[in-house]
Amino acid sequence: MDASMMAGLDGLPEEDKAKMASMIDQLQLRDSLRMYNSLVERCFVDCVDTFTRKTLQKQEETCVMKCAEKFLKHTMRVGMRFAELNQNAPTQD
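Residues numbered from 1 in each chain as written. Predicted model: local features only at pLDDT ≥ 70, side-chain atom pairs only at ≥ 80, totals over all residues. Heavy atoms only, no water.

A.B. asks: Tell me about the overall build of the protein, and please be specific about residues and values.
C.D. replies: Of regular secondary structure, the protein possesses 3 helices and 0 strands. Sorting the 93 residues of the protein into buried and exposed places 13% on the buried side. Accessible surface, the protein: about 8100 Å² in total, of which carbon and sulfur atoms supply 59%. (Helix = DSSP H or I, 4+ residues; strand = E, 2+ residues; numbered from the N terminus. Buried < 20%, exposed > 50% of the residue type's maximum accessible area, 1.4 Å probe, protein only. Areas by Shrake-Rupley, 256 points an atom, 1.4 Å probe, with all protein chains shown as cover.)

A.B. asks: Describe the confidence of the model for the protein, with residues and values.
C.D. replies: With 86% of its residues at a pLDDT of 70 or more, the protein shows a mean pLDDT of 86. Considering each helix and strand of the protein separately, the mean pLDDT is smallest for helix H1 (residues 3-7), with a value of 57, and largest for helix H3 (residues 58-88), with 92. (pLDDT = per-residue confidence, 0-100.)

A.B. asks: Could you give an account of the pattern of salt bridges, with specific residues and numbers?
C.D. replies: With the rule as written, the count across this model stands at 7 salt bridges. For Lys17, the salt bridge is made with Glu14, and the minimal N-O distance between the two is 3.4 Å. On the criterion of helical spacing, the pair formed by Lys17 and Glu14 is a turn pair, its members being 3 residues apart in helix H2 (residues 14-47). The class of Lys17 is buried, set by a relative accessible area of 13%. (Salt bridge = Lys/Arg side-chain N within 4 Å of Asp/Glu carboxyl O.)

A.B. asks: Describe the state of the cysteines, and please don't skip the residues or the numbers.
C.D. replies: This model, assessed by the stated rule, comprises 2 disulfides. The partner cysteine of Cys43 in its disulfide is Cys67, sulfur to sulfur 2.1 Å. Residues Cys43 and Cys67 share a disulfide whose torsion about the S-S bond is about -90°; that sign makes it left-handed. Of this pair, Cys43 sits in helix H2 while Cys67 sits in helix H3, and the two are 24 residues apart along the sequence. According to the relative accessible area criterion, Cys67 is buried, its value standing at 13%. Here the bonded cysteines of the protein are numbered in sequence order, and their pairing is 1-4, 2-3. (Disulfide = S-S within 2.5 Å.)

Printed below as a string of structure tokens:
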């Protein structure tokens, strides 16, 4: 968890801060796993056509690599845009 998230917890007792930090870490891990599973499922469905061999065919492997790269670039861009919007949003005091 980064410092900006911890700054919002300043008024809490240390025990509660530790619990919140743990919950936030668990949520971030869950979201990361969800994103990974989504990537794997999407690229597999889009790229793998045959099951005649144990390994991917060259075209399937190329497709999976491009799909994964595109997915990750998109995810990074969405995250950056969200951070930009979050910075520009008025704060509630």
